[in-house]
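Commentary on secondary and tertiary structure
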Amino acid sequence: MKKINYSKKNELKINGMYYALNIHDPSTTYENDKNATSIVVSPNGEVVKPALDYLISLFKQRVGKKTLNDNAKSICFFYNFLHLYNLKGEEKLSNEILNAFINYLSVLPKGLFSIPCFKEIHPQEVEYLPVHPYICGSDQKEIVKEIYNDWYKRLGTNNEYLYTPDNSMFDQDERDWRFSFEFIVDTLRRTLNFLNWLSENDYWKHRYSKIDPMITKRVPRIIKRGRKKYVVYVWDIDKRVRHETELKPINNSISFKRCFWETEFYDFFNSSIIKNDIQKNIYFLLLALTGMRESECLNLLIKNLPIKIEGRGKSKRFIIHWEELLIPTANNLEKNQQNDVLIDKYLDFYIRIDKRNGKYESNRRKNKKNEVRLVKLRDYYNFPQILSLNVNSLFIETEDLTKLFAYDLTLHNKYEDIYNFIEEIIRYHINKKEEGYDINHPNYSRNNKEWILLLRETIEKCWFGKLLRTFLIERYKLMKQKETKREVDNHFLFLMKRPYKGFIGPYEPSSVREWFKHICIEKNINRLHYTPNIFTGHLVKKSLGVHSFRHTYITCRIGNETLNGDFDRASLANLQKEIGHVDQSLVTTTRYYYLDRERKKRTSTAIYKFLQKNIDEIELPNEIVNTSGNEEENAFR
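Read on for an overview of the structure. These numbers were taken from a predicted model, which means no experiment stands behind them.

**A look at the packing of aromatic side chains**
- Under the definition given, this model contains 53 aromatic pairs.
- Ring geometry for Phe265 against Tyr381: centres 4.7 Å apart, planes inclined by 45°, an arrangement best described as tilted. Residue Phe265 is found in helix α8 (residues 262-269), and its partner Tyr381 is found in the loop between β9 (373-376) and α12 (383-386); the two are separated by 116 residues along the sequence.
- Take Phe265: its relative accessible area is 4%, and that puts it in the buried class.
- Using a relative accessible area of 11% as the deciding quantity, one classes Tyr381 as buried.
- Stacked on the ring of Trp151, the Lys or Arg Arg154 has its end atom at 4.6 Å from the ring centre.

**Points about the nonpolar core**
- Counting 91 residues, the largest nonpolar core has Phe284, Leu286 and Phe383 as its most contacted members.
- Counting residues per element, this core draws most heavily on helix α10 (residues 278-290), which supplies 9 residues.
- Those residues in contact with Phe284, other than ones at most four positions away along the chain, are Phe268, Phe269, Ile274, Val512, Trp515, Phe516, Ile519 and Phe549.
- In this structure, Cys117, Trp151, Trp204 and Phe535 belong to the second largest nonpolar core, which totals 70 residues.

**Focus: unusual backbone geometry**
- The phi torsion at Glu246 lies on the positive side, around 60°, for a residue other than glycine.
- Inspection of the secondary structure assignment puts Glu246 in the loop between α7 (238-245) and α8.
- Of note in the backbone geometry, Lys501 takes a positive phi value of approximately 55° without being a glycine.

**Some words on the environment of Glu514**
- Secondary-structure assignment places Glu514 in helix α18 (residues 509-522).
- Between the C-alpha atom of Glu514 and that of Val546, which follows or precedes it by 32 residues, the distance is 9.8 Å.

**Remarks on the side chain of Asn339**
- Relative to the helices and strands, Asn339 resides in the loop between β6 (317-320) and β7 (341-343).
- A distance of 3.1 Å separates a polar side-chain atom of Asn339 from the backbone nitrogen of Lys303.
- Polar side-chain contacts of Asn339 include one of 2.7 Å to the backbone oxygen of Asn304.
- Those residues in contact with Asn339 that lie beyond four places of it in its chain are Leu301, Ile302, Lys303, Asn304, Leu305, Glu324, Leu325 and Arg352.

**Digging into the sheet that holds strand β8 (residues 349-353)**
- Spatially, the 3 strands line up as an open sheet ordered β7-β8-β9, and their pairing is antiparallel. The open sheet has two free edges, formed respectively by β7 and β9, since each of these has just one partner strand. In this sheet, adjacent strand axes meet at a mean angle of 35° when their direction is disregarded.
- Relative to β8, β7 is paired through 3 bridges, and the arrangement is antiparallel. Across the sheet, the residue bridging to Val341 is Ile351, located in β8.

**Section: the state of the cysteines**
- This model, assessed by the stated rule, comprises 0 disulfides.
- Not engaged in a disulfide, the cysteine Cys556 finds its nearest cysteine sulfur in Cys259; these two sulfurs lie 7.0 Å apart.
- What makes Cys556 buried here is its relative accessible area of 2%.

What counts and how
Residues numbered from 1 in each chain as written. Predicted model: local features only at pLDDT ≥ 70, side-chain atom pairs only at ≥ 80, totals over all residues. Heavy atoms only, no water. Phe/Tyr/Trp six-rings, centres within 6.5 Å; stacked < 30°, edge-to-face > 60°. Helix = DSSP H or I, 4+ residues; strand = E, 2+ residues; numbered from the N terminus. Buried < 20%, exposed > 50% of the residue type's maximum accessible area, 1.4 Å probe, protein only. Lys NZ or Arg CZ within 6 Å of the ring centre and 35° of its normal. Core = buried A, V, L, I, M, F, W, Y, C linked by side-chain atoms within 4.5 Å. Contact = heavy atoms within 4.5 Å. Polar contact = N/O pair within 3.5 Å; in protein donor to acceptor, adjacent residues only side chain to side chain. Pairing = 2+ DSSP bridges. Axes fitted to C-alpha atoms, helices over the stretch in contact; angles between N-to-C directions. Disulfide = S-S within 2.5 Å.

In structure tokens form, the structure reads like this:
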């Protein structure tokens, strides 16, 4: 078997590459064709028969289209490796061949035919095998420079080494170019499954030898799916891949979640897109104030919130029946709750998150958790300052409430028990509603009607209530002007403004991500915090996205409650429940951190003061006490 030096271009002559081709019914698309499949095509345009037979066997096992496509691509990698090394593929698998294939995968650039200078090139037209600049590691700067220059020549640029990542970015740039450890392991396992099938198939086994268990063998692994555990047998190649490539598994390392910096948060909510579109404003505010997922927010429903118009012309005004959103307490929900925006006796706003049935949830917009949960809107960011508002809080304050109800509280001797007084009002209204009476019915108490009107006024006096009122009126007008395709589409809180095929309906997550992208572009918010190279930049997963609102909410909540001394096991359990993490999940406490120097400084100061006060009560292990006197001497050895 020949040796190849990947840093020498003349040894990388390949003259065409194998590629995977998706085939489907011509009358429909690959995505919509349930019987669509994938095949492997040679540089000469011929279907590779061993691969075709294997993929047909998988198709008969009813595996999904993605699995078929992944297997076809893995087989392509193997045949291109054979093509480069002038092997037939029928050779008995040896340590040398397996190691060479691993090294081959480790030098290939990620997403080759999506890279700008390769988009227009067909695999059959590739003359030399492209490799990434880090084939010898990021410390070999000359080789990195040489291969980078070769890539720039493909763009038609003759400038030398246009992209120069600084020392701290070389490792990141290398990760952007290379396949991950997990990808190489998965590709190898699919390839070994293919070779093993050939060695056992009646038609092919006379040409392909069985895989020697001394080279590699299948071993049992336990995997979890929900609460159930399964034993699966996989090829034992992890250590070999780690040794040959020096790559480390990503899944085994702690991955910190990207949060908004304070300046980014300020810029985002002060963008013209947010200020000029109240629907986008409300949507992103709800994400920031609740930490819910983007699909959960898109699935929010308002089935029953009457909005009526009084007067005409200039005296025309909209009346929102906020009482339909009232609940006595956050623990007392109606069985057939029709609205997902709720207000309790403290006049705190809540969001109700529930798993929807098929008529509400699309494939791209599904809620994860089956259980219903209530999330209170909380401002951990000081939005009045961020948005330059002339208010102390986004929400209703006790002072505002007592001013409006002052007369009634005094008259009914309820001044010191205002919230129980409001709970009585809410319960009375719910009972009358169950009896079929609205607030204008003769059987509805006049006093309670007046109190309901006062509650409406109170809700609309706070900043968030005003914003929500404006949004709901705009939504009401939209529904009067446009038509929905289905009756259930009228229930969604967020509805697209521009009709699609003549109808309006709920948004999909892709629309929200477009909003987010354009806001970041407008305010020059760098979603990566570094500048990726021109070749793989589009392949890099953006670290700051719509989901970052969730990360920021969790980290800010933990940070605030910790500083205030309120964060304990009970608050952690409550946080996990509200954000939809399972009770056993470690994600809440191990993957979130707050990117705020001031808070970090204050926390460190609090810890220092605690240690200073309690230093005499702290016992050190003997080995530390015994060696503490030699610290200075040891430090200079």
